[in-house]
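For reference, the chains in residue letters:
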Amino acid sequence: PKVLVVDDDANERQLLAGLLQMDGCRVETANDGLDAIAFLKQGAVPDVVLLDMQMPGCNGLQVVAELPADQLPAFIFVTGHDRYAVDAFGVQAIDYVLKPFDQERLQLAVQRAIAHIQARRAGDLGTQLEAILANRVAREAERLAFKTEGRVVFLKPHDIIWVEAANNHSILHLANKEQLLLRETLSSLEQRLGPLKFARINRSTLVCLDQISELQPGNYGDYTVVLQNGLRLPLSRNLRGSMGKVLINEP
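The notes below deal with the structure included here.

### Some points on the pairing of strand β5 (residues 95–98)
- Sheet analysis places strand β4 (residues 74–79) next to β5, joined by four bridges and oriented parallel. From the neighbouring strand, T79 faces β5, where its bridge partner is L98.
- Each parallel crossover has a hand, and for β4 linked through helix α4 (residues 85–90) to β5 it is right-handed.

In structure tokens form, the structure reads like this:
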């Protein structure tokens, strides 16, 4: 792992760096809290930071406070003052090592930090994979199931031209000119159809982007969405900007 050692005492820095290098760590050092903040904000964030508590100009807690909460490395406080332990764990420190310490105690703290990093990375990767898979499944869906009037109807996304809200129900307007009444809200359908090139154009209307032939400006800054079948639907002003971006980015 990459480790940053922050201590205003040069002897302590050298001692920590030497012990960490013996364990195979890649070590950088900072002379004090301000030096550590400058180093961390350069972008080369280490895996673990060993941080003294009391330093001139900026203490260890202030170093942590200067960094974005979602980009924090694993912090281990290494200090001779036990009265700051509660504050240290309050900023999500992995460990609090009191001076003087031995190599075994330092190794334990670093191992805890590495385990924390691995667990966090695994969680981040899992979240990313779930999102990717969910999006891929949605985009590759060949048929969707809709409950209507006591039966289940299977449709392909391109069978649906637009969707209309009807209180707590919705009406599917299909390419074959049929209409299906669903006991499902428009917001619920937007979540299902959104990844399949459907977009909300106003409070009560969801349209298939492939069915839009043009956007026509009105006299007062309004726009009208014109579908390929000639149907004209109003575009909400607060959705106009996002709708334009969606259409421009379409291949």
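### Observations regarding the packing of aromatic side chains
- Scanning the entire structure with this criterion turns up two aromatic pairs.
- With centroids separated by 6.5 Å and ring planes inclined at 40 degrees, the aromatic side chains of F77 and Y96 adopt a geometry described as tilted. With F77 in strand β4 and Y96 in strand β5, the pair connects residues that are 19 residues apart, well separated along the chain.
- Residue classification places Y96 among the buried positions, given a relative accessible area of 9%.
- Considering the side-chain rings of F89 and Y96, the 6.5 Å spacing of their centres and the 45 degrees angle between planes classify their relative orientation as tilted.
- Put simply, the rings of F77, F89 and Y96 touch in pairs and so form one group of aromatic residues.

### A few points about unusual backbone geometry
- A cis amide bond links K99 with the next residue in sequence, P100, at an omega value of -5 degrees.
- Secondary-structure assignment places P100 in the loop between β5 and α5 (103–139).
- Positioned with a positive phi, Q92 is a non-glycine residue whose angle comes to about 65 degrees.
- With respect to the helices and strands, Q92 occurs in the loop between α4 and β5.
- Looking at Q92, the relative accessible area reads 62%, which means it is exposed.
- Phi at K177 takes a positive value of approximately 75 degrees, unusual for a residue other than glycine.

### What to know about the sheet that holds strand β2 (residues 26–30)
- Strand order in the open sheet made by the five strands is β2-β1-β3-β4-β5, with parallel pairing throughout. Either end of the sheet is taken by a strand with one partner, and the two such strands are β2 and β5. The sheet shows a mean angle of 20 degrees between the axes of neighbouring strands, direction not considered.
- Examined bridge by bridge, strand β1 (residues 2–6) and β2 share five bridges and lie parallel to one another. Counted as the bridge partner of K2 is R26 from β2.
- Sheet strands in contact with helix α2 (residues 33–40) are β1, β2 and β3 (48–51), and its direction is about 155 degrees off that of β1.

### Brief notes about the pattern of salt bridges
- A complete count under the given rule lists eight salt bridges for this structure.
- Ionic pairing is found between D7 and K99, a salt bridge with its closest N-O pair at 2.8 Å. Of this pair, D7 sits in the loop between β1 and α1 (10–22) while K99 sits in the loop between β5 and α5, and the two are 92 residues apart along the sequence.
- Since its relative accessible area comes to 1%, D7 is described here as buried.
- Judged by its relative accessible area of 22%, K99 is partly exposed.
- For E184, the salt bridge identified is with R192, shortest N-O distance 3.2 Å.
- Judged by relative accessible area, E184 falls into the buried class, the value being 17%.

### Focus on α2
- For α2, the full list of buried residues reads G33, A36, I37, F39 and L40. In an axial view of α2, the angular spread of the buried residues amounts to 165 degrees, which keeps them on one side of the axis.
- The inward-facing, buried residues of α2 contact β1, β2, β3 and α3 (60–65).
- The backbone nitrogen of L34 has a side-chain oxygen 3.2 Å away, supplied by the residue at the start of α2, namely D32.

Rules used throughout
Residues numbered from 1 in each chain as written. Predicted model: local features only at pLDDT ≥ 70, side-chain atom pairs only at ≥ 80, totals over all residues. Heavy atoms only, no water. Pairing = 2+ DSSP bridges. Helix = DSSP H or I, 4+ residues; strand = E, 2+ residues; numbered from the N terminus. Right-handed = clockwise from strand over helix to strand, strands pointing away. Phe/Tyr/Trp six-rings, centres within 6.5 Å; stacked < 30°, edge-to-face > 60°. Buried < 20%, exposed > 50% of the residue type's maximum accessible area, 1.4 Å probe, protein only. Axes fitted to C-alpha atoms, helices over the stretch in contact; angles between N-to-C directions. Contact = heavy atoms within 4.5 Å. Salt bridge = Lys/Arg side-chain N within 4 Å of Asp/Glu carboxyl O. Arc of directions from axis to C-beta. Polar contact = N/O pair within 3.5 Å; in protein donor to acceptor, adjacent residues only side chain to side chain.

Just geometry here; none of it tells us what the structure is for.
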